[in-house]
Amino acid sequence: MSTLKPLQIDVVSDVVCPWCYIGKHRIESALALVPDVPVKLNFRPFFLNPWVPREGISREDYLTTKFGSVEAYKGIAGRVVAAASDEGLVYKPELVARQPNTTDCHRLILWAEAIGKAPEMKQRLMELYFRDGGDLTDVNVLVQAAADVGLDADDVRKRLASDEDVARVSADAQEAAEKGISGVPTYVFAQKYAVSGAQDPNLLARAIRQVSAEINAQAAE
């Protein structure tokens, strides 16, 4: 019996992108629909708002800069809140007081990947931000989130205080932008097919099955 070659899926997304929060749930739902297909899921960084400084800015300033006013975002937010709710996720935009630069969040996801906990780290950061209104510019919040998924708190605190992997995360995000990825989430299958947007799990499941069959047929040739 031949062993199937795992399908690599790179999820290019940002921690503070509400459609990425929904999209993470949808790709995981899609994987549950194709339990017989071996998949290696990777989370890749993207900066939705590269102009936000490393220390972050107030949510009010952010919404005014990006949408024109806090009020202007309310209509958009309502649709996203409803879409999140349909997935069993909670998004409470009114709780978010500070808009972070996500470099440190992406560093944590990278470090969590080393212990096989990248999905858990990403989920924890997204829940803190969207559900709890957590301040992802606060190092104590980040250290606690890392500890919650099994990383060593003291080690993470030291690493966050350094520039470790800042250049790597920036380069990875830059590479995604250079490849033409502008909307996130984007799912890249086998490093050659890209599907953009928080697509329906059934559509993603079909794509997973199709591309897996293709790469395994090629491997058998």
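In case you missed it, the structure is sitting above this.
Residues numbered from 1 in each chain as written. Predicted model: local features only at pLDDT ≥ 70, side-chain atom pairs only at ≥ 80, totals over all residues. Heavy atoms only, no water.

Participant: Looking at this structure, how should I read the overall build of the protein chain?
Facilitator: The helix and strand inventory of the protein chain stands at nine helices and six strands. Taken over the C-alpha trace, the protein chain has a radius of gyration of 18 Å; the compact-globule value for 221 residues is 17 Å, and the two agree within 12%. Each principal axis of the C-alpha atoms in the protein chain carries an extent, and together these give about 55 × 40 × 30 Å. Expressed as a percentage of the 221 residues in the protein chain, the buried residues total 45%. Contacts spanning at least 24 positions in sequence make up 75% of the contacts within the protein chain whose residues lie at least 6 apart. Averaged over its 25 positive side-chain charges, the protein chain has a centre that lies 2 Å from the centre of its 31 negative ones. (Helix = DSSP H or I, 4+ residues; strand = E, 2+ residues; numbered from the N terminus. Rg over C-alpha atoms; globule rule 2.2 N^0.38 Å. Buried < 20%, exposed > 50% of the residue type's maximum accessible area, 1.4 Å probe, protein only. Contact = heavy atoms within 4.5 Å. Lys, Arg positive; Asp, Glu negative; His and termini not counted. Charge placed at Lys NZ, Arg CZ, Asp CG, Glu CD.)

Participant: Is there a simple way to explain the pattern of salt bridges in this structure?
Facilitator: Opposite charge on two side chains allows them to pair when their charged atoms are near. Here the structure, examined in full by the defined rule, presents 15 salt bridges. The salt bridge partner of glutamate 71 is lysine 74, with a shortest N-O separation of 3.0 Å. Of the two residues, glutamate 71 and lysine 74 both sit in helix α3 (residues 70-86), three residues apart, roughly one turn of that helix. Overall, the relative accessible area of 51% leaves lysine 74 in the exposed class. (Salt bridge = Lys/Arg side-chain N within 4 Å of Asp/Glu carboxyl O.)

Participant: Looking at this structure, I do not really get the sheet that holds strand β6 (residues 193-196). What am I missing?
Facilitator: The pairing of strands in a sheet happens through backbone hydrogen bonds and is either parallel or antiparallel. Pairing is mixed in the open sheet, where four strands are placed in the order β2-β1-β5-β6. The two strands at the open ends of the sheet, each matched to only one other strand, are β2 (39-45) and β6. Recorded for the sheet is a direction-independent mean angle of 20° between the axes of neighbouring strands. Pairing analysis gives seven bridges linking strand β1 (residues 7-13) to β2, with the strands arranged parallel. Looking at the pairing, valine 11 lines up with phenylalanine 43 of β2. (Pairing = 2+ DSSP bridges. Axes fitted to C-alpha atoms, helices over the stretch in contact; angles between N-to-C directions.)

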